[in-house]
Amino acid sequence: MRPRVKARLRTRLAIVTSAAVAVVALGVLAAAYVVIRYEIRNQLDLQLKQQSGAIAQQGRLNGTGVLYAECAWLAAPACAQVVPADPAAPGQSRLVLPVTGATRRVASGTLGPYYSDIVRDGRSLRMYTTPLGRGRALQVAVRSDTVEKGVEQAGLLLGAVGGAGVLLAAGLGYFSSRTALRPVTRLTATAERIAATRDPAHRIELPPHEAERGDEITRLTDSFNTMLGELEDAVAAQRRLVADASHELRTPLTALRTNAELLARAERLTPAQRDRAATALGRQLREVTGLVNDLIELARDEEPQQLVEPVRLDLLTERCTADARGHWPDTPFALEVEEADADRLTVDGVPARLARLLANLLDNAAKFSPPGGAVEVRLSGTGTTGHLDLTVRDHGPGISAEDLPYVFDRFYRSRQARALPGSGLGLAMARQIARAHGAELTAERAEGGGALFRLRFDRGQNAAGTP
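Conventions used here
- Residues numbered from 1 in each chain as written.
- Predicted model: local features only at pLDDT ≥ 70, side-chain atom pairs only at ≥ 80, totals over all residues.
- Heavy atoms only, no water.
- Helix = DSSP H or I, 4+ residues; strand = E, 2+ residues; numbered from the N terminus.
- Buried < 20%, exposed > 50% of the residue type's maximum accessible area, 1.4 Å probe, protein only.
- Contact = heavy atoms within 4.5 Å.
- Areas by Shrake-Rupley, 256 points an atom, 1.4 Å probe, with all protein chains shown as cover.
- Pairing = 2+ DSSP bridges.
- Axes fitted to C-alpha atoms, helices over the stretch in contact; angles between N-to-C directions.
- Core = buried A, V, L, I, M, F, W, Y, C linked by side-chain atoms within 4.5 Å.
- pLDDT = per-residue confidence, 0-100.
- Parallel < 35°, antiparallel > 145°, perpendicular 65-115°, else oblique.
- Left-handed = near helix turned anticlockwise from the far one by under 90°.
- Nonpolar A, V, L, I, M, F, W, Y, C, P; charged D, E, K, R; others polar.
- Phe/Tyr/Trp six-rings, centres within 6.5 Å; stacked < 30°, edge-to-face > 60°.

1. Observations regarding the overall build of the chain
- Tallying secondary structure elements over the chain gives 9 helices and 12 strands in all.
- Buried residues in the chain amount to 35% of all 467 residues.
- A fraction of 64% describes how many contacts in the chain between residues 6 or more apart in sequence connect residues 24 or more apart.
- Approximately 26500 Å² of the chain is accessible, and the part contributed by carbon and sulfur atoms is 56%.

2. Considering the sheet that holds strand E4 (residues 123-131)
- An order of E1-E2-E5-E4-E3 is seen for the 5 strands of this open sheet, with the pairing classed as antiparallel. If you trace the sheet from one side to the other, it starts and ends with strand E1 (65-69) and strand E3 (114-120), each paired once. Between one strand axis and the next, the sheet turns by 20° as a mean value, whatever way the strands run.
- Where E3 and E4 come together, 7 bridges link them in antiparallel fashion. Paired with Val119 across the strands is Ser124, a residue of E4.

3. Thoughts on the environment of Gly396
- As for its position among the elements, Gly396 is in the loop between strand E10 (387-393) and helix H9 (426-436).
- In this structure Gly396 comes out as buried when scored by relative accessible area, which is 14%.
- When the C-alpha positions of Gly396 and Gly449 are compared, they lie 7.0 Å apart, and in sequence the two are 53 residues distant.
- Discounting residues that sit within four places of it in the chain, Gly396 has contacts with Phe368, Ser369, Pro370, Gly449 and Gly450.

4. Observations regarding the nonpolar core
- Membership of the largest hydrophobic core comes to 37 residues, with the highest contact counts inside it found for Leu316, Leu357, Leu361, Phe453, Leu455 and Phe457.
- If one sorts the elements of this core by residue count, helix H8 (residues 351-368) sits on top with 8 residues.
- The contact partners of Leu361, leaving out residues within four places of it in the chain, are Val392, Leu427, Ala430, Leu441 and Phe453.
- Within the second largest apolar cluster, 11 residues are counted, among which are Val140, Val142, Val147 and Val151.

5. Notes on the environment of Arg94
- With respect to the helices and strands, Arg94 occurs in the loop between strand E2 (79-84) and helix H2 (101-108).
- As a C-alpha pair, Arg94 and Ala69 span 25 residues in sequence and 9.7 Å in three-dimensional space.

6. A few points about the confidence of the model for the chain
- Looking at the chain, the pLDDT average stands at 79 and 82% of residues meet or exceed 70.
- This model gives residues 1-6 a pLDDT under 50, and the stretch forms 3 contacts once residues within four places in sequence are excluded.
- Confidence over residues 462-467 falls short of pLDDT 50; this stretch has 18 contacts with residues more than four positions distant or in other chains.

7. Description of the side chain of Ser144
- Mapped onto the elements of the fold, Ser144 is located in the loop between strand E5 (136-143) and helix H3 (145-197).
- With residues up to four places along the chain from it excluded, the contact list for Ser144 reads Leu44, Ser124, Leu125 and Arg126.

8. Comments concerning the packing of helix H7 (residues 313-327) against H8
- Between H7 and H8, the shortest axis-to-axis distance is 10 Å and the interhelical angle comes to 45°. By the angle class used here, H7 and H8 are oblique. Seen from above, H7 lies across H8 with right-handed handedness. Note on element contacts: H8 touches H7 through Pro351, Leu354, Ala355, Leu358 and Leu362, opposite Leu316, Thr317, Arg319, Cys320, Thr321 and Ala324.
- Here the contact of H7 with H8 is composed, by residue class, of 8 nonpolar, 2 polar and 1 charged.

9. Comments concerning the sheet that holds strand E9 (residues 375-381)
- Reading across the sheet, the 5 strands line up as E7-E9-E10-E12-E11 and stay open at both edges, with mixed pairing between neighbours. Each end of this open sheet is capped by a strand with a single partner; those strands are strand E7 (333-337) and strand E11 (439-445). On average, each strand axis in the sheet is inclined to that of its neighbour by 15°, with strand direction left out of account.
- Against the sheet, H7 engages E7, E9, E10 and strand E12 (451-458), with an angle of about 175° to E7.

10. Let's talk about the packing of aromatic side chains
- This structure, assessed with the given rule, holds 2 aromatic pairs.
- Each ring, one from Phe408 and one from Phe453, has its centre 6.1 Å from the other, and the planes form 85°; the classification is edge-to-face. Of this pair, Phe408 sits in the loop between E10 and H9 while Phe453 sits in strand E12, and the two are 45 residues apart along the sequence.
- Take Phe408: its relative accessible area is 11%, and that puts it in the buried class.

11. Structural notes on the pairing of E5
- Of all 8 residues that make up E5, 8 are buried, and the element is covered over most of its length.
- What you see with E5 is no split at all: Arg136, Leu138, Val140 and Val142 on one side and Ala137, Gln139, Ala141 and Arg143 on the other are buried throughout.
- Bridge count for E2 against E5 is 6 bridges, and the pairing is antiparallel. Of the residues in E5, the one forming a bridge with Cys79 is Ala141.

The following block contains the structure:
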């Protein structure tokens with residue numbers, strides 16, 4: 001069924017192209033036929049006018065009657081006669097050309113010269129009637145069947161040329177449609193292959209001469225290849241996420257099952273063993289719940305626009321820092337907020353999501369800080385139209401050069417972090433929230449040791465991904 005659909009599209013394009021060319025060609029040929037017919041008849045009329053002038057100059061036209069009666073001749077003049085204005089005048093018994101009231105009016109001077117088509121002895125003639133003076137009119141006629149035959153032959157020739165042109169236009173239209181739709185055919189074949197194999201690694205390959213054209217089809221092909229690249233990256237990221245999530249969930253789920261089996265045989269355990277198993281089960285449930293919630297948050301790429309509102313970043317930072325002090329009582333948190341108007345410290349965003357971002361940064365800093373090591377939080381703005389920076393610094397081991405490019409990857413954990421609690425999703429979620437709010441989150445090694453995370457809001461952009 002699909003090849004037939006493509007053939008119909010190609011046929012329709014060929015028909016439209018051929019019809020457009022054929023209409024133009026037939027219009028030109030029709031105009032040429034009209035011009036040729038006019039010119040041929042005009043030449044015949046000019047010949048009749050010249051003949052009448054030559055006859056009038058002969059000087060022997062004193063009376064009336066027939067001058068030339070060989071109307072069957074092709075040579076000129078064939079027929080000529082002088083007609084008086086008075087129908088009763090003598091010498092009109094053997095006139096060879098028809099005389100009408102218009103002829104009498106021309107003879108009397110009340111009507112100007114005119115041309116007319118007549119038939120005599122089954123032959124077509126072209127007749128010219130003109131005043132001769134002294135109440136007379138001169139009629140000159142010549143055979144026009146040869147002229148009409150020439151016009152007919154010209155029409156047939158132009159029709160043959162038009163038919164050949166239409167056929168040529170149809171052939172060229174079909175060839176052009178095939179050439180123009182060749183990239184679309186490749187695109188369709190690639191899409192069908194991807195649908196059959198579920199592999200977005202395929203691409204549409206254009207020959208160099210087609211790739212250099214830069215027309216709409218080429219741009220469509222480039223856009224489709226770009227879309228395939230994005231789709232391939234998305235599928236790869238999804239597969240990595242599923243693989244990493246299954247790996248991370250395997251251990252806590254196994255522990256959950258073990259503790260659940262122990263509690264199922266609670267009558268065999270001592271009260272202390274039951275308490276330890278219940279405590280471990282609750283802790284593992286919280287870890288699995290947190291991991292699943294983090295995965296759900298990471299699967300959401302955009303913030304809900306209906307929840308976006310102006311957020312005072314200084315107040316939000318103070319609240320998140322106070323919460324972190326409660327979660328990490330052994331870690332001192334130092335907060336410094338640069339004095340500025342409220343407008344300079346306000347961004348558009350989702351308060352709960354920004355709070356989650358700051359909480360992840362503060363928890364990460366506290367996790368790596370040595371006992372008694374302070375976590376330094378600083379909020380500063382560079383001007384009304386500049387940047388708004390929030391930095392979180394710890395005094396821990398810092399980030400090694402080999403780990404620095406991967407700290408925001410999902411489930412990535414450095415060697416120092418593998419012995420600490422966590423799933424490796426906190427920083428990945430923080431960067432995703434930052435990007436959704438039009439901010440930039442970066443990590444660097446702090447001077448004097450430790451890690452420094454910088455959250456930068458561009459005052460020229462609204463948050464939550466809306467410019």
